[in-house]
Amino acid sequence: MMRLPPFEYRAPVSVADAVELMGDSGPDAMLVAGGTDLYPNMKRRQFEPRVLVGLRGIRGLAGVRGSAAAGLAIGSGTTLTATAAHPEVAAHYPALATAAGLVSTPQLRNVGTLGGNVCVDTRCNYYNQSYQWRKAVNFCMKKDGEICLVAPGSPRCWAVSSSDTAPVLWSLGAMVTLVGRGGERRIPIAALYRDDGIAYLSRRPDEVLTEIALPPADGVRSVYLKLRRRGSFDFPVLGVAAALRMDGPVVREARIVLGAVASLPRDCVEAGALLAGERLTAERIEEAAAVASRPSKPLDNTDLTHPYRKKMTRVFVARALRHLAGLPVLADDGGATA
Ligand SMILES: Cc1cc2nc3c(=O)[nH]c(=O)nc-3n(C[C@H](O)[C@H](O)[C@H](O)COP(=O)(O)OP(=O)(O)OC[C@H]3O[C@@H](n4cnc5c(N)ncnc54)[C@H](O)[C@@H]3O)c2cc1C
Ligand code: SF4
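The present account deals with the structure reproduced in this document. Just so we're clear, the structure is a prediction, and the values are computed from it rather than from any experiment.

Conventions used here
Residues numbered from 1 in each chain as written. Chains lettered and ligands numbered in written order. Predicted model: local features only at pLDDT ≥ 70, side-chain atom pairs only at ≥ 80, totals over all residues. Heavy atoms only, no water. Pairing = 2+ DSSP bridges. Helix = DSSP H or I, 4+ residues; strand = E, 2+ residues; numbered from the N terminus. Contact = heavy atoms within 4.5 Å. Axes fitted to C-alpha atoms, helices over the stretch in contact; angles between N-to-C directions. Salt bridge = Lys/Arg side-chain N within 4 Å of Asp/Glu carboxyl O. Buried < 20%, exposed > 50% of the residue type's maximum accessible area, 1.4 Å probe, protein only. Disulfide = S-S within 2.5 Å. Polar contact = N/O pair within 3.5 Å; in protein donor to acceptor, adjacent residues only side chain to side chain. Near = heavy atom within 4 Å. 1 Å grid on protein atoms, 1.4 Å probe; cavity = no way out; pocket = protein on both sides within 12 Å on 5 of 7 lines; lining within 4 Å. Sits in = over half its atoms within 2 Å of the grid points. Nonpolar A, V, L, I, M, F, W, Y, C, P; charged D, E, K, R; others polar. Points joined across faces, edges and corners; volume = space filled by probe spheres on them. Areas by Shrake-Rupley, 256 points an atom, 1.4 Å probe, with all protein chains shown as cover. Core = buried A, V, L, I, M, F, W, Y, C linked by side-chain atoms within 4.5 Å.

As summarised here, the arrangement of the 4 strands in space is β9-β10-β11-β12, forming an open sheet in which the pairing is antiparallel. This sheet does not close on itself; its edge strands, each paired only once, are β9 (220-227) and β12 (266-267). As judged from the 8 bridges shared by β9 and strand β10 (residues 238-247), these two strands associate in the antiparallel manner. From the neighbouring strand, Tyr224 faces β10, where its bridge partner is Ala241. Here helix α12 (residues 306-325) sits on the sheet in contact with β9, β10 and β11 (250-259), set at roughly 150 degrees to β9.

Counting across every chain of the model gives 23 salt bridges. Residues Asp28 and Arg50 are paired through a salt bridge, measuring 3.4 Å at the closest nitrogen-oxygen approach. Remark: Arg50 occurs in the loop between α2 (38-43) and β3 (51-54) and Asp28 occurs in the loop between α1 (15-25) and β2 (29-32); sequence separation between them is 22 residues. Look at Asp28 and you get partly exposed, because its relative accessible area is 38%.

Across all of its chains, the model carries 0 disulfides by this definition. Here Cys119 is not disulfide-linked; the sulfur of Cys157 is the nearest cysteine sulfur, at 17 Å. Looking at Cys119, the relative accessible area reads 19%, which means it is buried.

By secondary structure assignment, the location of Thr302 is in the loop between α11 (282-292) and α12. Judged by relative accessible area, which is 13%, Thr302 ranks as buried. Among the polar contacts made by the side chain of Thr302, one reaches the side chain of Arg309 at a distance of 2.9 Å. Those residues in contact with Thr302 that sit more than four places away from it in its chain are Asn125, Val160, Val237 and Arg309.

A separate point is the sheet that holds strand β8 (residues 208-214). Taking strand neighbours across the sheet as the criterion, the 5 strands line up as β4-β5-β8-β6-β7 in an open arrangement whose pairing is antiparallel. Every other strand in the sheet has two partners, leaving β4 (64-67) and β7 (183-188) as the edge strands with one partner each. Going from strand to strand, the sheet's axes swing by 15 degrees on average, the running direction of each strand aside. Alignment of β4 against strand β5 (residues 71-75), held across 4 bridges, turns out to be antiparallel. Across the sheet, Arg65 pairs through a bridge with Ala73, a residue of β5.

Right, let's get into the site of ligand 2. Taken together, Cys124, Tyr126, Tyr127, Cys140, Met141, Lys142, Cys148, Leu149, Val150, Cys157, Trp158 and Ala159 make up the full set of residues near ligand 2. In this structure the site holding ligand 2 corresponds to the largest cavity. Counted by class, the shell around ligand 2 contains 11 nonpolar, no polar and 1 charged residues.

Throughout the structure, instances matching the rule amount to 2 cavities of 30 Å³ or more. Around the largest cavity, the lining comprises 13 residues; the ones closest to its centre are Cys124, Cys140, Cys148, Cys157 and Trp158. Its residues assigned to classes, the lining of the largest cavity comprises 11 nonpolar, 1 polar and 1 charged. Put simply, the second largest cavity is a space of about 60 Å³. Residue classes in the lining of the second largest cavity are distributed as 5 nonpolar, 5 polar and no charged.

Neighbouring ligand 1 are 32 residues; Leu31, Gly35, Thr36, Thr113 and Asn117 lie closest to it. For ligand 1, a nitrogen atom lies 2.7 Å from a polar atom in the side chain of Asp164. For ligand 1, whose unbound accessible area comes to 970 Å², protein coverage reaches 92%. Mapped by element, the contributors of at least two residues to the shell around ligand 1 are β2, α7 (114-118) and β8. The dominant element in the shell around ligand 1, judged by the number of residues it contributes, is β2, at 3 residues. In terms of residue class, the shell around ligand 1 is built from 16 nonpolar, 11 polar and 5 charged.

The biggest cluster of nonpolar side chains holds 40 residues, and the ones touching the most others in it are Tyr93, Leu96, Leu169, Ile189, Leu192, Tyr193 and Leu214. If you list the elements that add at least two residues to this core, you get β5, α5 (94-102), α7, α9 (165-171), β6 (175-180), β8, β9 and β10. Grouped together as the second largest cluster of nonpolar side chains are 31 residues, Leu225, Leu238, Ala289 and Ala292 included.

Within this model, the second largest pocket holds a volume of roughly 170 Å³. In this structure, the second largest pocket is lined by 14 residues; those nearest its centre are Ser171, Leu172, Gly173, Arg245 and Glu253. Elements represented by at least two residues in the lining of the second largest pocket include exactly β10 and β11.

So this is what it looks like as structure tokens:
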């Protein structure tokens, strides 16, 4: 049985206290929300914080405010279950409801939070292993080692952004609020992520992510498709989030964001530009799907082979766009789990 390492647990009742505790405790401190990712990682010694600052006792961090017409503000402590079930989210931001509802298992979604999902650690087959396993291969640079075992000559870590909701929130143009000793700042969620498997967030060490804000739904159509081995529960090895703002039958604005193919969600800017001002015909969809698969560059460090995940990017983007266009989603296009 794997045991947690010793740590001191602090339970602030306000964001300001949490920020102070993080600032005072320095680099040895970490925030914990639901703990569904952090605690298992601590048991494997991927993280060994001396102090854990728990966010569950902070009133006001959970809950959804606003409306689809004016925009929604989702507290970072809102559970994934509550996010997926919220009527405004389900009706007007269906991709977010789908993504939140596909994370892990019902038990973990009842405890795991949206903020924790946005900030969840990157993953790699050589890293998400027990301490003994990692020790047997002499560790890697993400924790305890010197080199990258996936790309030994590489100066960086290529661990994979594996959050289901991150690509969706990016595609919807979400903003996140961070509160730290330096004050409060509100940034596009795209600016939260960095292309680095270790330093994957631009969050400062003392900052707490307090809120995720969605712009007015304003007729935006959205969808999320997830590729994974087991439909019951598994991290994504490919996620496709697509959001289209329509002007009648014409696409006014399109954003397609891929999950689990890089150390951060990948915005398929070219494919989005290709769709803007166009009708969603079957031909245009195929063209956009082919272009969208270009920035998909999975490596051999998650489940399923990387050439297959690359190939499935085009298939899943086409399926997503066909769904949004109201076209039948083809069953014989080589795809597996959606
Ligand atoms: C078996 C299993 C299957 C899983 N499957 C999936 C899956 O399919 N898809 C998926 O996306 N995830 C999956 N997860 C990971 C995890 O359960 C979810 O990502 C969950 O949403 C994490 O939320 P949490 O509140 O439990 O985060 P925690 O575990 O508490 O924290 C996760 C990270 O976020 C940081 N953090 C948390 N809240 C904040 C905040 N407010 N501000 C700043 N930093 C914060 C923590 O410091 C930590 O680094 C799985 C986990 C397990 C164990
Ligand atoms: S990508 Fe390389 S450095 Fe990063 S976790 Fe995997 S093996 Fe380690």
